[in-house]
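# Structural description and commentary
So the chains spell out like this:
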Amino acid sequence: MLPHYRFDRAKVIVGFDADFLGTWISPVEFTKDYMKTRNLSEKPPRMSYHVQIEGRLSVTGSNADNRITATTAEFGVLLNYIAAKLEEKAGTANLPVKADLTQTRVSKQTLDKIISKLWSAKGNSLVVCGANDVRLQILVNYINHLLGSYGATIDLARPSYQKLGDENSVNELIDKMNGGEVSALFIAGVNPVYSLPNGAEFKEALQKVPFSVAFTEYSDETAEHASIVCPQSHFLESWNDSEPVEGYLSITQPLISRLGLSRTLNECLSAWTGKSATDYALLQDYWKRHVFPLQKEHADFQNLWDRALIDGYVEIKRPAKKASSFNMNAVKNLRLDSAKPSGDYELVLYQKVGILDGRHAQNPWLQELPDPITKAVWDNYVSMAPQTAKRLNLRQGDVVRVSDGNSEIELPVLPQPGQHEKVIAVALGYGRNTTKRFKDIGPDWISKRPTVKEGETVGENAYRFLKWQNGFLHFSGRVNIHPTEKTRIIAQTQTYNSITVPEKLGGERRPLIRETTLKEYSKDPASGNKYKHQILQLWTEDHVYTGHHWAMVIDLSKCTGCSACVISCQAENNVPVVGKDEVYRRRELHWIRIDRYYSGPESDVEVVHQPVMCHHCDHAPCEGVCPVLATLHSDEGINQQIYNRCVGTRYCANNCPYKVRRFNWFSYRKKDEKENLVLNPDVTVRSRGIMEKCSWCVQRIQEAKAEAKRKGVKLADGDIKLACEQSCPADAIVFGDMNDPQSRISKLIHHPRHYNMLEEMNFKPTVGYLSLVRNKE
Amino acid sequence: MSIYYSILRKPIIAGDKKLKDITDDVIRPLEQKPTLLWWVAFLVSLTVLLIGVVAVTYQIKVGIGTWGLNKTIGWAFDITNFVFWIGIGHAGTLISAILFLFRQRWRTSINRSAEAMTIIAVMCAGIFPLIHMGRPWLFFWVIPYPNLRGPLWVNFRSPLLWDFFAISTYFTISLIFWYLGLIPDMATLRDRAKSKIKKFVYGLMSFGWNGSARIWHHYETTYLLLAALATPLVLSVHSIVSMDFATAVIPGWHSTIFPPYFVAGAIFSGFSMVLTLMIIARKVLHYEEYITIDHIEKMCKIVLVTGGIVALSYGIEIFMAIFFGNQYERFMFLNRALGPYAWAFWIMISCNVLFPQFLWIKKIRRNVALVFILSIVVNIGMWFERFVIIVTSLHRDFLPSSWAMYKPTIIEIATLAGSFGLFFTFFLLFARFVPFIAIGEVKGVLKYGKLKKNLTSEGSVKANADVTV
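Residues numbered from 1 in each chain as written. Chains lettered and ligands numbered in written order. Predicted model: local features only at pLDDT ≥ 70, side-chain atom pairs only at ≥ 80, totals over all residues. Heavy atoms only, no water.

Counting residues at the interface gives 66 residues for chain B and 65 residues for chain A. Here chain B meets chain A over a buried area of about 5200 Å², counting both sides, of which 56% is carbon and sulfur. When the buried surface of chain B facing chain A is broken down by residue, Lys71, Arg135 and Leu399 of chain B rank first, second and third, together holding 15% of it. Applying the counting rule to chain B against chain A returns four salt bridges. Salt-bridge contacts for Glu508 of chain A lead to Arg330 of chain B; the nearest nitrogen and oxygen are separated by 2.8 Å. At the boundary of chain B and chain A, one finds 43 residue pairs in polar contact (both at pLDDT 80 or more). (Contact = heavy atoms within 4.5 Å. Buried area = accessible area lost by both parts, 1.4 Å probe. Salt bridge = Lys/Arg side-chain N within 4 Å of Asp/Glu carboxyl O. Polar contact = N/O pair within 3.5 Å; in protein donor to acceptor, adjacent residues only side chain to side chain.)

Let us look at the sheet that holds strand β10 (residues 211–216) of chain A. All names here are of chain A. Taken in spatial order, the three strands line up as β9-β10-β11 in an open sheet, and their pairing is parallel. The two strands at the open ends of the sheet, each matched to only one other strand, are β9 (184–188) and β11 (228–231). On average, each strand axis in the sheet is inclined to that of its neighbour by 15 degrees, with strand direction left out of account. Note that β10 and β11 share four bridges and pair parallel. Paired with Phe215 across the two strands is Cys230, which belongs to β11. The sheet contacts of helix α9 (residues 265–272) involve β9, β10 and β11, and relative to β10 the element is tilted by about 140 degrees. (Pairing = 2+ DSSP bridges. Helix = DSSP H or I, 4+ residues; strand = E, 2+ residues; numbered from the N terminus. Axes fitted to C-alpha atoms, helices over the stretch in contact; angles between N-to-C directions.)

What follows concerns α9 of chain A. All names here are of chain A. Among the residues of α9, Glu267, Cys268 and Ser270 are the ones counted as buried. Considering only its buried residues, α9 is in contact with β10, β11 and α10 (279–291). Positioned one or two residues after α9, Gly274 has a phi angle of 85 degrees, which is positive. (Buried < 20%, exposed > 50% of the residue type's maximum accessible area, 1.4 Å probe, protein only.)

All names here are of chain A. Annotation of chain A at the domain level lists domain 1 (2–160), domain 2 (167–245 + 247–315), domain 3 (345–492) and domain 4 (505–774). Placing a centre on the C-alpha atoms of domain 3 and another on those of domain 4 gives a separation of 31 Å. Each side of the interface is counted separately: domain 3 has 34 residues, and domain 4 has 32 residues. The junction of domain 3 with domain 4 conceals about 2800 Å² of combined surface from both sides, 61% of it contributed by carbon and sulfur atoms. Sorting the residues of domain 3 by area buried against domain 4 places Trp365, Glu368 and Pro443 first, and these three jointly supply 25% of that buried surface. Summed over the shared surface of domain 3 and domain 4, the number is two salt bridges. Asp581 is paired through a salt bridge with Arg449; the nearest N and O atoms lie 2.4 Å apart. For the pair domain 3 and domain 4, the interface holds 13 residue pairs in polar contact (both at pLDDT 80 or more). (Domains from an automatic or database assignment.)

This is the structure:
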């Protein structure tokens, strides 16, 4: 059973390599909950204390108040020590082993501090661990048990129903298939040939199954070897339901009619069982029989159904299951083996927010989504600490061979500040067959480097490094690194990573990020935000905004860097995908980007994520320089780009201090009727040779205004939701009318944490930020 | 037996030239068949030009993406080349207009070719703003005229628009000024022409010039007026070009010193280019007696002075950056001097500040080979100056997240080469079809510095011969 973690109830969170803000179990939900614990508007301001212990730098780690680097092999000792100390405090003794802190670099003081924080927040603390190791999870459970987290921050009464796959039985299945015991195999929603370390074995076993059916949306590695492939409708073409957490039933509705001849799994099964029906009928029928009786709120089924469609979910109550009690025997019998390293480095396999386990590999938007940490696109790579790279005399892009004795993989090196010296990290989800089609992506010209070479895939498959151990797949293991002669470019959207300029060029910090600590903030809400300039103006304000005056505020304390806004903006605004080479040439077209800055020493960096889009300056430097008036200011304060007037001098982009303008270097659009269905009809498709940039989703503003006019009501605060704002799980982005004194934005603009980037230049940007508050000493 | 020289002034034209000799010397290359050297030079230039044409055609067909620009660096080779060529184009009008007004009569030997150089350089320059547009076929949108598109007007606040006016005005005036000076020589050509076609063509081009005093009077009045009109343009064109940068907000661009600094730099590079061309021309066309060592020395002095202004401007820029207290400005300078493009900065400093100092030495000023090398060095330096101003300012501006590097593509290099191809192709055609030296004007200064001339002189006399009274 997977419990439902309640981050919203936690005051102290300790994560062991659990990337719960990035990819772990339910990151969107967790991000929202996590942000509820970090509420600075309350009095006194409240912020959970988050410690992240990990080897690589994850999205979650980048947001932690205290980040400690440790290898996965050390987790046992660390958890054991924490458990033992908590036992001491609780006055019990069940642990059979004593922690030997000599096996870890993490100091006793650091751990003791964490333990005292955990203990003082007893009942409101939460320890989570991403390692797929029963023994570690027993320790974590024991710690949570000692802390009284069960029933508080860990909800067992309403467990989570996500990620419930049983790895052990997959191996059994392979044995059975080999043994000829399986005469028919139905495969849906998984791709074992690709994602199992012994995928080849599965493939061979699959050949021995006389009848195998693969249900899939795209031709994948497993489907290629099945006897029958059933093309599945995309989830946006079909009806379905789900129950991510006990009692919360959600409906998936189709957004478009089906593009091809496809069926959903439900339809296939119903057709084959002789009761052919559409997925809509099947779903309604199911809800009538199974969901409707479980609730009392709606007397009429149609009411329930309508409610579910409007809200997206319904809540039902099933008879509570008997909560199982904590099995102390598991703790008593716990045996931790001290890690015997057989290689030089610990390989950590992780998932990226865009590609996840590889399920999104065929999606070019997500391939071109910059990783929140490395800012790299279209590839996986070997991340290693900069010190390690220096020691091995490796530079970014040098290809190394990683081997664990059985498997080998060749990938380029990417020095990653904040990573443990002994850890190298490789992303899963790459090397998919479906990515061979990207050989033609991006503009075609003489010096073009293809995103993938003919017959090659995007990145390499790292699944073969997963290890079966006691029936579970382990995401880390010992490996060796061998340099090769080869190099491979890594395309990144940001190549200078520090908020300070290089040491030999002055080494000063740029005041673009303003930050403070919770302690300072509690004393003075304007702390860390004192970099104010007196701006003298020669002229009277000649452009007075009498109607709306739009503005945006982004809370740096809330942004986790997850990059959902980047993709939603791309989808909303018809932003083309340009391919790896173009990104390498620094020509990606994303209208919103998330600048990720490091500060502090390379081995222990602090990270900040800063979303940047067009700042819609009231004194916009771009507007004055355009010779043909292709960029103008609207009477509502929007910096507008008039595409069909633009002749493409790029002067505006040069003069933009925030560098948010994007140029159409080539003609990116292809005549592909199917592909072009993805385009938003409300947004102009831009041609070659013109400038574009964030329009603040002007189509949404116009729509909301028209709607209000039609209804004869005043446009209310929050009626307009920009794509980035809408998709932000942390609610870090707020958009509104600053001429309306009651709007959220008006209040935020006068918040002591509010500042504008480069305010001393008097560009008067209408995008502002709220300073970053870290809960640290 | 000897020629008498003034003790106060050296003669401008060396040798014992008669008026007819001048006409013969200048027109000789036009009446002969082109030499092998000319053909080789012409075909090489034309080939390079065609390479440029191919590159530009490809770029216009496929997109600006064929250049090495990116989201951070929106201008690089294109505008560098533009400013470079505009700068080259400065010397001609300066020589013909400002030096004319200042009664610098030595200008007569070089003004024709320097003006031709100006016109060709401005043509080379003018191509770049055109092709750097994302949609060059819509270039006419920057022209303010009553149109059917609204009418949509242009943005009079944009320096790019001022550029358009400044350059087109400069080009027009330069062309008219050059052609006006050409009219008497066209008449000479007409009078010497043997074929009827030539006579007709030159006749048309000389506008019926008859050499009467009245015509000369009109001609010289017009010339003076045009010189007065062209003079402010010499200063305004590069001032306005500099405003492309000065009015922007980017550290390294946003600077009030730019207009004078750019004008000085333009004259500096323009005179260097004149030196380069004249040193070749006097050798190849045997004009050593017209374009004497004294001419070269005088031009070297102008290079030295303008180079000094340029060096001073660099100094002031650095001073302002370091002592002004703006962290972005300070960083911009440190980044230029020590950052990833430091090599370009130090090429600029050594070529524009260090090497020209050799010109303080008279022996070097009078050493044709050394001056030739230095003139090329200065132009390399001045090209890099524009590259440094444009690229190093853009590549690391306010937000470190957007910092990027620029590397030219083969298309850009071919385009730069093509602009040189265009320049030399046209210049060679000029040397072939138009009198290289203003015959009428040189005749006017023939006796300058010569008190008495022995009509029975034998052989040539060195211009620097000891003064005998």
